[in-house]
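# Examination of the molecular architecture
The chain contents come next:
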Amino acid sequence: MLPLLLASSSVYRRQLLARLGLPFVCSSPDIDESRRPDEAALDLVKRLAREKAQALASSHPAHLIIGSDQVAVLGERILGKPHTFENAREQLLAASGARVSFLTGLAVLNSQTGACQVDCVPFTVHMRTLDPARIERYLLAEQPYDCAGSFKAEGLGVSLFQSTEGPDATSLVGLPLIRLVDMLLAEGVQVP
């Protein structure tokens, strides 16, 4: 089996990949994650997942490199990481009582053969109606400023949900493990 490399500095993705019980290392890819003009959210996450994996191929020539990227979409608007309390409050106010779609791009690149599998796993969150005081309490408690959509689904953020729907709940945290296992199996990796 080729060694696994997670092309990410995300602690959330690292924790998810560890659940598979496979040895892996992490390295942060250095790519421009800017959205191209008129680029659809689906195309954006698939491109970035692939580019993250490809960015590490030359420095890791005999690896299976896992790249992933995620955006939240509210209506026609892409919600990125808020980075600040004010931006997070604005995102959650806009999402109150609405449906937020999360698109998680996933790529597995065999840097030995050049073969690259790329997919996108969708997940939908139906948000509760949120008043400003509840949003402020949540943001002060969890400080999810590095999370697309301004909440941590694996933490207290779940209290903001009315319901969820999708093929793989781990995609909401940023690494769709069910689809990843499919890709790893296609590369001959035994899981478990």
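Being a predicted model, the structure only gives us computed values, none of them experimental. (Residues numbered from 1 in each chain as written. Predicted model: local features only at pLDDT ≥ 70, side-chain atom pairs only at ≥ 80, totals over all residues. Heavy atoms only, no water.)

## Describing the UniProt feature "site: Important for substrate specificity" (unreviewed entry) in the protein
The following threshold applies: UniProt positions are given in the numbering used here, feature names are shortened, and annotations may be inferred rather than shown by experiment. Residues are called lining when one of their atoms sits within 4 Å of a cavity or pocket point, these points coming from a 1 Å grid over the protein atoms alone, where a cavity is a set in which a 1.4 Å probe fits but cannot get out and a pocket is an open set with protein on both sides within 12 Å along at least five of seven lines. Secondary structure elements are taken from DSSP: a helix is a run of H or I of four residues or more, a strand is a run of E of two residues or more, and numbering for both begins at the N terminus. The cut-offs for exposure are 20% and 50% of the maximum accessible area for each residue type, with area from a 1.4 Å probe on protein chains only; residues under the lower value are buried, those over the upper are exposed, and the others partly exposed. Any two residues having at least one pair of non-hydrogen atoms within 4.5 Å are treated as being in contact. Any pair of N or O atoms that falls within 3.5 Å is considered a polar contact. Within protein, one atom must be able to donate a hydrogen and the other to accept it, and sequence-neighbouring residues count only if both atoms are side-chain atoms.
UniProt feature "site: Important for substrate specificity" (unreviewed entry): in the numbering of this structure it lies at Tyr-12, Gln-70 and Glu-154. Checked against the lining of the largest pocket, the annotated residues reduce to Tyr-12, Gln-70 and Glu-154. Position of Tyr-12 among the secondary structure elements: in helix H1 (residues 11-18). With a relative accessible area of 15%, Tyr-12 lands in the buried category. Discounting chain neighbours no more than four positions away, the residues touching Tyr-12 are Asp-146, Cys-147, Lys-152, Glu-154 and Val-173. Mapped onto the elements of the fold, Gln-70 is located in strand E3 (residues 64-74). On the basis of relative accessibility, which here comes to 16%, the residue Gln-70 falls in the buried class. Once residues within four sequence positions are removed from consideration, Gln-70 is found in contact with Arg-13, Val-45, Phe-102, Leu-103, Thr-104, Ala-148, Ser-171, Leu-172, Val-173 and Gly-174. Within polar-contact distance, the side chain of Gln-70 engages the side chain of Thr-104 at 3.1 Å.

## A look at the environment of Leu-140
If you trace the backbone, Leu-140 turns up in helix H4 (residues 132-142). Residue class for Leu-140 comes out exposed when judged on its relative accessible area of 52%. Sequence separation between Leu-140 and Phe-85 is 55 residues; the distance between their C-alpha atoms is 8.3 Å.

## Description of the packing of helix H3 (residues 85-95) against H4
Let me state the cut-off plainly: Only the contacting stretch of a helix is used when fitting its axis, a line to C-alpha atoms as for every element, and angles between N-to-C directions run 0 to 180 degrees. Any angle that is under 35 degrees is reported as roughly parallel, and any over 145 degrees as roughly antiparallel; angles of 65 to 115 degrees are reported as roughly perpendicular and all others as oblique. Left-handed describes a crossing in which the near helix is turned anticlockwise from the far one by less than a right angle; the clockwise case is right-handed.
Contact geometry of H3 with H4 gives a least axis separation of 10 Å together with a crossing angle of 135 degrees. As summarised for this structure, H3 and H4 are arranged oblique, according to the angle between their axes. Of the two elements, H3 crosses H4, and the hand of that crossing is right-handed. Between H3 and H4, the contacting residues are Phe-85, Ala-88, Arg-89, Leu-92 and Leu-93 on the first element and Pro-132, Ile-135, Glu-136, Tyr-138, Leu-139 and Leu-140 on the second.

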